[in-house]
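Tertiary structure, described
Listed below, chain by chain, are the residues.
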Amino acid sequence: MSSDDDMPLARTNGHLSAEKISKAEDRAMDIDSNVRMRPAPLSIRYGPIDDDDAPLVNGNGKRKSRSSAGNVNYHESDGENSRSTKRHKKAVVDDSDSDVPIKSRTRLPPAANETAVAEDSDDDIPLNKKLADKRKSIDKAAEKEAKTIRANEAKAKKQALKKVVKDESDDDTPLSGVKSRKRAVNGTNGKAKSTSVKQADSDSDTPMRKKAKTATPRAKVKTEQTSSGKKPPAKKAKKELSEDPADAEDDEEEYRWWDQAKADDSIKWQSLEHNGVLFPPEYEPLPKNVKLIYNGTPVNLHVEAEEVAGFFGAMLNSAHNVENPVFQKNFFNDFKDVLKRTGGAKDRQGAKVDIKEFSKLDFQQIFDYYQAEKDQLETPFMYCKWDGRKEKVGNFRVEPPGLFRGRGEHPKTGKVKSRVMPEQITINIGKEAQVPRPPEGHKWKAVQHDNKATWLAMWQENINGAYKYVMLGAQSTVKGQADLKKFEKSRELKKHIAKIRKDYERDLKADSMADRQRATAVYLIDRFALRAGNEKDAENEAETVGCCSLKFEHVTLREPNTVIFDFLGKDSIRFYDEVTVDRQVFKNLRVFKKSPKKEGDDIFDRLTTSQLNKHLSNYMAGLTAKVFRTYNASFTMQKLLNEVKDEERTVAEKIKLYNDCNREVAILCNHKRTVGASHEAQMEKLADRIKALKYQVWRNKQMMLDLDSKLKKKRGAAFFELDPDLDEAWILEHQNFLVEELRTKIQKKFEKDNQKLQEAGEKIMPDKELKERLKDADELAKKHKKENKSKKIEAEGKAPTIEKIEANAKKIEERIRTIELQAADRDGNKEVALGTSKINYIDPRLTVVFATKFNVPIEKIFSKTLREKFNWAIKSVGDDDSWQF
DNA sequence: TCCCCTACTTAGCACAGGAGCA
DNA sequence: TGCTCCTGTGCTAAGTAGGGGA
């Protein structure tokens, strides 16, 4: 550490905002009142921009479609699109005194989503406006709801006073249905509390003591990397002598095989070296008391036969396989072969046992042995007794040694994570309980009996000194209770949200810099679901930020009220969003970025997460920044699900609708996943399949006309028209494909038939037969030609009728719908991870209500583990589809 | 007040297994 | 029936946040 340590205030460059903001300064940030403001607050991360000068818009006002090239690997350290502070310092323009439009600087947002806006694309109302309206309506609803809740509270209080009813101390008990909701309403009076809020915080204008941990260590790391990164020149010569041929690859330049034309591709290589293969370990024979039973008699087998019996025996829990007659037959044939070869089976006395029938084999002992071997290791650790109840333990395995896989640009990624010894592990257990015995020759670090902690064992890992805990599984009571408490807390926020918003809107104009920063931060957390952003140790962790730790370069301002966030958030996932904000928020951010602040300086230099949370807790006990994410996610989900109309739909369609809502929430929370390399190809495949089916529908309809030409008038010409996705050129290509496909199929079948004949010792068929068979493909080609010429398609099948053909066409249309849904779902989900919001943010009771209301089996939405985790939600809501978040 | 320690939730990734398709 | 691709699950990293001592 350098002398920077002594710098009292900021973490980085040390540039601070002034303590107070004068009226004049505030006014100076104003702009011409004639400038058209954009609706705010609004995120356009996944939607279009209707701004004239916005670079993301193409000529016809629609958002540019993204090619796969636009997909970003957020973890890639030096990819064109990755823009961590460090990586793109040069690219970021210092806009300390000129937050001018950044037209030329803006890049395509990485995660714009086509399907997310598809529905609205042809609407006359600009999408921005629509989204803003939507947001407003959600806010209004929240406000309205808060009012209702407060009114109910007041009413309930009155009644309570009147009747002097007994103490309602069960506020914390699980709620279910409307009755419970009414009960929950009797909380604390937010108004009285929030009055004290301002007083408590108004004197908080003292600068932060944020240590300057960043600059020096960073530079140091860099130098170390460079000096050690260079390879010694002698290495290459040494490599040639290496015993491992693969080693020779390391220093070679990229082999650009695609640039080289190869005349003769039958020669695949000129030289080839390798080390053969790695074998699995030798088979370990079963203990003497574990036998295969045949017809009630335990039999002795040669070790080779025993191993084969063990293959089957170990699989008894896989009914899918072992109950399959083909599987059984094949196994038994091979097993008999091995028996024959190895001297067969013998009983205890050494007498031969003739194994003739599969059904008489009993593998139970073998299965039990293998199972016990596994269980012996695992079972004792899988459950614990918590208050006398059997509860499942979550992660009972000590993390094995290996290499630390830090995410993003973690400075310690790749370091050796050493083996955890019993001497490092602390056990937490009941006083009366028997302390588990450490492995032979070892002892625990400590044994404690802290019943305020939920963990069973704990150790500290060697890389970051992080604590690792063995805790109960997600399906356990204690975790379920914590989950319920979390969602009840965020439901409680509904009562206070209007007041909180009103207050921060007022404080956005506060004279005190600290108050103004706090108000602005709460605004961003509330409106754009930013995380709190605790301080991080820049030397030992990846440089990621959240709201309070946003730096100068993470926020770009574009007049009149657009803010562009671009930073790496949790897990080094890029957060990129262009949002419109209230003008005052825009002005404030300009103030917070004002010179002399520059890159590396904190935007919120007079605010920490502790202060922020302390302020929030004045509104409601336990209210922290994190609660806003849960609240906004669940509240949004409810609004979206409420908009789903009860129309006739298939289960698949309803699930798609649910996923669409889930996706909006996931986008709100910025939950991402990497797009699989094969995604594009998969989508193309699906599109091809849809086209092929559409072609089939069209052919069927033409066949109907073939049977009754008057149908065209009766049904209207449109019914028989070719789908606009298909054209003549495509049909020709597809017809060729079908013919070729048939040819290949015939050829393969012919070869297979011949192989069978050969195996049976019979004479194989001559090529003449193949030619004969291939005539079917020729016929098909001829048929296509004829159809194309006559523009007529003859009815196919046995005794074709219009009804039959139409039914067939409908069936195909149904398949098209299913695949189209699938395709849309898949494309929409390609870079959005739905799981995280489903598991952590969306109140599961909302999902239960949706499933009940729309008659969707809950297992279609919640997997087995999720059903176990959310058992409390499933049971508490039951059939009550009126439950509201 | 600050900072470290501790305990817990939230998060994405890897991989196995099985569903479903050609 | 083989193969592809999707889903579920386990793993563990990376957050948030509260408590307490200097």
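Fair warning: this is a prediction, and the values are worked out from it, not measured in the lab.

**Considering the overall build of chain A**
- For chain A, the count of helices and strands is 26 helices and 17 strands.
- Of all intrachain contacts in chain A linking residues separated by at least 6 positions in sequence, the fraction that spans at least 24 positions is 72%.
- Carbon and sulfur atoms provide 51% of the accessible area of chain A, an area that totals close to 52100 Å².

**Brief notes about helix α13 (residues 513-528)**
- Between its first and last C-alpha, α13 extends 22 Å over 16 residues, near the 22 Å set by a 1.5 Å rise per residue.
- Summarising burial for α13: 16 of the 16 residues are buried, a large majority.

**Concerning the sheet that holds strand β3 (residues 297-299)**
- Strand order in the open sheet formed by three strands is β3-β2-β6, and the pairing between neighbours is antiparallel. What marks the edges here is a single partner per strand, and that holds for β3 and β6 (361-362).
- Pairing analysis gives three bridges linking strand β2 (residues 292-294) to β3, with the strands arranged antiparallel. Bridging from a neighbouring strand, Ile293 pairs with Pro298 of β3.

**Digging into the side chain of Glu806**
- With respect to the helices, strands and loops of the structure, Glu806 is situated in helix α22 (residues 802-828).
- With sequence-adjacent residues up to four places away left out, Glu806 is seen in contact with Met704, Arg715 and Phe719.

**Observations regarding the state of the cysteines**
- All chains considered together, the criterion is met by zero disulfides.
- In this structure Cys547 is not part of a disulfide, and its nearest cysteine sulfur, from Cys548, lies 5.0 Å away.
- With relative accessibility at 0%, the residue Cys547 sits in the buried group.

**Thoughts on the packing of helix α16 (residues 625-643) against helix α17 (residues 651-668)**
- Remark: α16 packs on α17, axes separated minimally by 9 Å, with the N-to-C direction vectors making an angle of 150 degrees. With respect to α17, the axis of α16 lies roughly antiparallel. Two packed elements cross with a definite hand, and for α16 against α17 that hand is right-handed. Between α16 and α17, the contacting residues are Asn632, Ala633, Thr636, Met637, Leu640 and Leu641 on the first element and Tyr658, Cys661, Asn662, Glu664, Val665 and Leu668 on the second.
- Of the residues belonging to the contact of α16 with α17, the class tally is eight nonpolar, three polar and one charged.

**Side note on the protein's contact with DNA strand C**
- Taken together, 29 residues surround DNA strand C, and among them Arg407, Lys468, Lys536, Arg826 and Thr865 come closest.
- Considering DNA strand C, the proportion of its atoms within 4 Å of the protein that are sugar or phosphate atoms stands at 89%.
- Within the contact set of DNA strand C, a phosphate oxygen lies 3.0 Å away from a backbone nitrogen or oxygen of Asp571.
- Interatomic distance of 2.7 Å between a backbone N/O atom of Lys626 and a phosphate oxygen of DNA strand C.

**Description of the protein's contact with DNA strand B**
- Surveying the vicinity of DNA strand B reveals 33 residues, the closest of which are Tyr467, Lys479, Lys486, Arg689 and Tyr841.
- If you look at DNA strand B and keep only atoms within 4 Å of the protein, 85% of those are sugar or phosphate atoms.
- At a separation of 2.7 Å, a phosphate oxygen of DNA strand B approaches a polar side-chain atom of Arg531.
- Going through the elements one at a time, β14 (467-470), α12 (477-507), α16 and α23 (835-840) are the ones with two or more residues in the surface near DNA strand B.

**Examining the nonpolar core**
- Phe565 and Phe604 are the most contacted members of the largest nonpolar core, which totals 78 residues.
- Counting residues per element, this core draws most heavily on α16, at nine residues.
- In this structure, Val299, Phe332, Phe358 and Phe363 belong to the second largest nonpolar core, which totals 22 residues.

**Points about the packing of α12 against α13**
- Packing of α12 against α13 brings their axes to within 8 Å, and their N-to-C directions diverge by 135 degrees. The orientation of α12 with respect to α13, classified from their angle, is oblique. You can see that α12 and α13 cross each other, and the crossing is left-handed. On α13, the residues that touch Ile497, Ile500, Arg501, Tyr504, Glu505 and Asp507 of α12 are Asp515, Arg516, Arg518, Ala519, Val522, Tyr523, Asp526 and Arg527.
- Among the residues forming the contact of α12 with α13, the class breakdown is six nonpolar, no polar and eight charged.

**Observations regarding the UniProt feature "active site" (unreviewed entry) in chain A**
- Within the UniProt annotation, "active site" (unreviewed entry) is assigned to Tyr841.
- In this fold, Tyr841 is placed in the loop between α23 and α24 (844-853).
- Assessed through its relative accessible area of 15%, Tyr841 is described here as buried.
- Excluding residues within four positions of it along the chain, Tyr841 makes contact with Phe487, Arg629, Thr630, Ala633, Ser634, Cys669, His671 and Thr836.

**Some remarks on the side chain of His671**
- Summarising the element assignment, His671 is placed in the loop between α17 and α18 (679-707).
- Judged by its relative accessible area of 7%, His671 falls in the buried class.

**What about the pattern of salt bridges?**
- On inspection of all chains with the given rule, the structure shows 43 salt bridges.
- Between Lys782 and Glu779 there is a salt bridge whose closest N-O contact spans 3.9 Å. With Lys782 and Glu779 both in helix α21 (residues 767-790) and three residues apart, this pair spans about one turn of that helix.
- Assessed through its relative accessible area of 54%, Lys782 is described here as exposed.
- In the salt-bridge network here, residues are joined through shared partners; they are Lys499, Asp503, Arg506, Asp507, Asp515 and Arg518.

**Comments concerning the environment of Val308**
- Along the chain, Val308 turns up in helix α8 (residues 303-313).
- Along the backbone, Val308 and Asp334 are 26 residues apart, and their C-alpha atoms lie at a distance of 8.8 Å.
- Among residues more than four places away in sequence, those in contact with Val308 are Phe331, Phe335 and Val338.

Thresholds, definitions, all that
Residues numbered from 1 in each chain as written. Chains lettered and ligands numbered in written order. Predicted model: local features only at pLDDT ≥ 70, side-chain atom pairs only at ≥ 80, totals over all residues. Heavy atoms only, no water. Helix = DSSP H or I, 4+ residues; strand = E, 2+ residues; numbered from the N terminus. Contact = heavy atoms within 4.5 Å. Areas by Shrake-Rupley, 256 points an atom, 1.4 Å probe, with all protein chains shown as cover. Expected span 1.5 Å × (residues − 1). Buried < 20%, exposed > 50% of the residue type's maximum accessible area, 1.4 Å probe, protein only. Pairing = 2+ DSSP bridges. Disulfide = S-S within 2.5 Å. Axes fitted to C-alpha atoms, helices over the stretch in contact; angles between N-to-C directions. Parallel < 35°, antiparallel > 145°, perpendicular 65-115°, else oblique. Left-handed = near helix turned anticlockwise from the far one by under 90°. Nonpolar A, V, L, I, M, F, W, Y, C, P; charged D, E, K, R; others polar. Near = heavy atom within 4 Å. Polar contact = N/O pair within 3.5 Å; in protein donor to acceptor, adjacent residues only side chain to side chain. Core = buried A, V, L, I, M, F, W, Y, C linked by side-chain atoms within 4.5 Å. UniProt positions renumbered as here; feature names shortened; annotations may be inferred. Salt bridge = Lys/Arg side-chain N within 4 Å of Asp/Glu carboxyl O.

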